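Here is how the chains run, residue by residue.
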Amino acid sequence: MTTQLQVGHRDAGPTGPEPAPTPRSPVHRYAVDLVRVVLGAAVLGLGFLVAQRGELPTFERDLFQLVNDLPPAVFPVVWVVMQLGNVVAVPVVAAAALAARQVRMARDLLVSGLLAYVTADLVKGVVRRERPGGFAVEVNFPEGPVTGLGFISGHSAVAAALATAAVPYLSRRTRRAVWVLAWTVALARIYVGAHLPLDVVGGAAVGWAIGSLVHWVFGVPRRDVDASRLRRLLSRLGLPVHELRPAAVAARSSHPFEATTPEGRRLYVKYLESDRAERDWLYRLYRLLAVRDVKDADAVAPLGQQAEHEAVAAMTARERGVRTPRVLLARGGDRGAVVVQEFVPALPLDELPPAAVTADLLAGVWEQVGLLRNARVAHNDLVAASVLVDQDGRPWIVDFGNALTGASDDSLAGDVAELMASLALMAEPRVVVDAAVARLGAEHVAAALPALAPLSLSADTRRRLRARPDLLDLLRSEVRAQLGLPDPHRPEFPPPGRPARAAVVLGSIGALVGVPLLAGAAPLAEAVERGGWRWLGAALALAVLARAAMAAGALLTVDRRIALGRTYGAGMVADAATLLHGGDGWRRAAARFLERAGVLPDAAVAALARFTAGAAVAAVVVAGTTLVLALVEGRLTGWRTPEALVPAVLVGLGSWALVLTGQWLALRRSRGRGAPSLVREDVGRALRELLAPRRQRTEGPVWRRGAQVAWTVTGVFLEAAVLAAALHSVGGQVALLATATVYGALHLLWSLVPVTAAPGAADVALLLALTALGAPLASACAGVLLFRLLTFWLPAAAGAALTAQFDHRLGP
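Residues numbered from 1 in each chain as written. Predicted model: local features only at pLDDT ≥ 70, side-chain atom pairs only at ≥ 80, totals over all residues. Heavy atoms only, no water.

Peer 1: For this particular structure, what's the right way to read the pairing of strand β5 (residues 266-272)?
Peer 2: Regular strands place their side chains on alternate faces of the sheet. The element β5 is largely enclosed, with a buried count of 6 among its 7 residues. Alignment of strand β4 (residues 254-260) against β5, held across 7 bridges, turns out to be antiparallel. Bridging across to β5, Ser254 finds its partner in Leu272. Remark: 5 residues form the turn of the hairpin made by β4 and β5, two consecutive strands paired antiparallel; Gly264 in that turn has positive phi of roughly 90°. When β5 meets strand β7 (residues 336-342), the two strands line up antiparallel, connected through 6 bridges. What sits directly across from Lys270, in β7, is Val339. (Buried < 20%, exposed > 50% of the residue type's maximum accessible area, 1.4 Å probe, protein only. Helix = DSSP H or I, 4+ residues; strand = E, 2+ residues; numbered from the N terminus. Pairing = 2+ DSSP bridges.)

Peer 1: What is the right way to look at the packing of aromatic side chains in this model?
Peer 2: Here a ring pair, both rings aromatic, is described through the centre-centre distance and the interplanar angle of the planes. Throughout the structure, instances matching the rule amount to 4 aromatic pairs. Judged by centre distance (5.9 Å) and plane angle (80°), the rings of Tyr743 and Trp750 are edge-to-face. Considering the side-chain rings of Tyr743 and Phe787, the 5.6 Å spacing of their centres and the 80° angle between planes classify their relative orientation as edge-to-face. Taken as a pair, Tyr743 in helix α26 (residues 736-752) and Phe787 in helix α28 (residues 777-802) lie far apart in primary sequence, 44 residues in all. We classify Tyr743 as buried; its relative accessible area is 3%. (Phe/Tyr/Trp six-rings, centres within 6.5 Å; stacked < 30°, edge-to-face > 60°.)

Peer 1: Could you clarify how one ought to interpret the confidence of the model for the protein in this entry?
Peer 2: The predicted structure's coordinates, where accompanied by low pLDDT, should not be read in detail. Summary statistics for the protein give a mean pLDDT of 81 and a share of 84% for residues scoring 70 or more. Here strand β1 (residues 22-28) is the element of the protein with the lowest mean pLDDT, 53, and strand β11 (residues 395-397) is the one with the highest, 94. Ignoring residues within four places in sequence, the model shows residues 1-25, a span with pLDDT below 50, making 130 contacts including any to other chains. Taken as a whole, residues 296-300 scores under 50 in pLDDT and shows 16 contacts with residues more than four places along the chain or in a different chain. (pLDDT = per-residue confidence, 0-100. Contact = heavy atoms within 4.5 Å.)

Peer 1: Help me understand the environment of His28, please; the structure alone is not making it clear to me.
Peer 2: Following the sequence through the fold, His28 ends up in strand β1. Note: C-alpha distance between His28 and Val220 (192 residues apart in sequence) is 5.2 Å.

Peer 1: When you look at unusual backbone geometry in this model, what are you seeing that I'm missing?
Peer 2: For residues besides glycine, phi is generally negative; the peptide bonds are generally trans as well. Phe151 connects to Ile152 through a cis peptide bond whose omega is 5°. Mapping Ile152 onto the fold places it in the loop between α5 (103-127) and α6 (154-166). With phi around 60°, Arg128 is a residue other than glycine that occupies positive phi space. Position of Arg128 relative to the elements: it lies in the loop between α5 and α6. Despite not being glycine, Asp399 has its phi angle at roughly 70°, a positive value. Its place among the elements puts Asp399 in the loop between β11 and β12 (404-405).

Peer 1: Help me out: how do you make sense of a nonpolar patch on the surface in this one?
Peer 2: A surface patch of nonpolar side chains, amounting to about 490 Å² of accessible area, comprises Val505, Leu506, Ile509, Val513, Leu517 and Leu658. The leading source of residues in the nonpolar patch is helix α18 (residues 498-514), at 4 residues. Relative to the helices and strands, Val505 is located in helix α18. Taking the relative accessible area as the measure of exposure, Val505 reaches 46% and is therefore partly exposed. (Patch = residues over 30% accessible without salt bridge, like charges linked within 9 Å, V, L, I, M, F, W, Y side chains within 5 Å. Areas by Shrake-Rupley, 256 points an atom, 1.4 Å probe, with all protein chains shown as cover. Salt bridge = Lys/Arg side-chain N within 4 Å of Asp/Glu carboxyl O.)

Peer 1: How do you make sense of the sheet that holds β11 when you look at a structure like this?
Peer 2: Strands pair in a sheet through their backbones, by hydrogen bonds, and they do so in one of two ways: parallel or antiparallel. Pairing is antiparallel across the open sheet formed by 3 strands, whose spatial order is β8-β10-β11. Where the open sheet ends on each side, the last strands, each with one partner, are β8 (346-348) and β11. The sheet shows a mean angle of 35° between the axes of neighbouring strands, taken without regard to direction. Note that β8 and strand β10 (residues 387-390) share 3 bridges and pair antiparallel. Within the sheet, the bridge partner assigned to Leu347 lies in β10 and is Val389. Its contacts with the sheet place helix α12 (residues 359-374) against β10 and β11, and it is angled at close to 30° to β11. (Axes fitted to C-alpha atoms, helices over the stretch in contact; angles between N-to-C directions.)

The following block contains the structure:
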């Protein structure tokens, strides 16, 4: 039995090819649909907050009048289109799809439309926002006054849900027309005076989210390409074929065919999708945020260019000695493109029986990968299915649709990681790593460690790994064992002991309870009661963004591709470690995370020094900039002696002393263990390197200094904004610039002298600073409590829960 080249993209899927697509039975579910659901819900949530204010913003009023004042002559046309958002249109449109024998499309239309209508009605009952006639705005009613509730627009929700449900079954041109109709329905509701702009935007977001959720639940069908039309296309391109039939291979973003020329020559024909999922901007943004990698940077190019790009990559590899089929044709336009290669009688590596996957075969596979690496061609989808084994047992590398010539070391290392993970599903990890090290060298295998993480691997590999959830850990351990790298699963700290725990708990209680109660329980309760929930919501959102910005800055200290989400979580785990183990715990936990991501111990220590240096510089930038602006605007003229100075200092010192005592007791039990320690000289060296002119910088690993400082400055300023928002939420009125100046100075102190950031000391420092700026004592106490909860205590609690997930063993 033989099979043809498996050159389709497996980790992304189509939504509609040309020419003549016809739905077929297999369905696919795409995670990007869940992203759409979340975004739609986020838009609804923001609209909910605005709508609940009961006020009409000036911008929304002006936009409403702009649309509502259109001339009456357009009303007949607008009225007809507007009926597409009527709930009665749902069964009508579904029946039309059913009459066209589009059963799945009819089901999706019916479910999405009805769910959107019901959801819109429920939201209206909860929000209870007036229609335009209930606000102080002049309204034109072409079809008479409209009463009832406004947020959200049911017509907009139904129209958007129907458009979203129909999109996968339509051609690109028809999709655009459908969405134009959906937005026309939304504008029509404003034109007839039935809804305000926020109402229709919220409705469209709900419909979009519901339609996307229906796609994820039911799946989207894959569609065929008419072979007769493809045959005519090949003839027009100068390659007539006598026989053309679909190839029995798995290809998710292309349509593979086997062909025979009139002379009897066998060919493999790959028809490229016009609407690959890689072209979806949400998919690409998700990849970029998740692993700082889009995988297929050429996916947004015209189809003809994509075909030529694939051909160039394959021919470059072949010229450099890689065994890959000869390319005969690569051409196309906006509606479709083809790549034609010679037919190779072979089986994909992942379809071989286990006994056939021998050490010699794996050595041959890694030899081809080595040649590919020497040619600086990154395959970017190098799974076992992209390797064919012919009748003589020789491996061939195929499927260069995502390939990149002149690739970076990171991209080449990603190929090694992808193939090791894919091969480990077929052979023992030890055998796979043995062959890789023997043919590629230890250095190149070590460079692949960062990419041995789920989000860095293809969807196909991740799906297969779900059946063996421990396999990736075994593979990483085998790589470290063979290369002599330290085991990141080694215990980080011994048990701290009961005295240490008791001291830290008592000190934490003093910081959490004693400091806020300096103003007294009754004034504190009054400050919280009169607080603004919107300011508190803003503080929460700013805290999330601030931590994300700091995580983004941390990613730029290493020359490795690490997921932003895992870095975000690792920051919380490190915060949890500071409670019992102080600054040393933060450094060890952060270093261990970097080691698990493939960073060597010494490089991890250097990265932490870079992060600390960047945080110090960022604090100086924030404090200095806001100080100048505050002085110019006269925001720092109201200094006064802090209230409750002596009690605050006593409570703070007592809590701080208890926490430091507990950390000292824990440290005594862990001396000589854990990751290499970060010393002051490391931070000083990193600071000098950060501030040195470009021409004086030493050669070394890539360090994106400017980007790191920019993200860290953003993070520090956002943290200052969290403090200001928390203070405003409890009735404190301190200018943002003054708050940012003081917070920047404190952040500089905490970065350079981490012991001053411990519970008790940090809380009292913030309290004294705010009261010195003029905040009432009760508001300052409540503001500090909220700020510390949002930026330290809640993240540290989440980090403690995530400790097992991140395999940081901090002691039972």
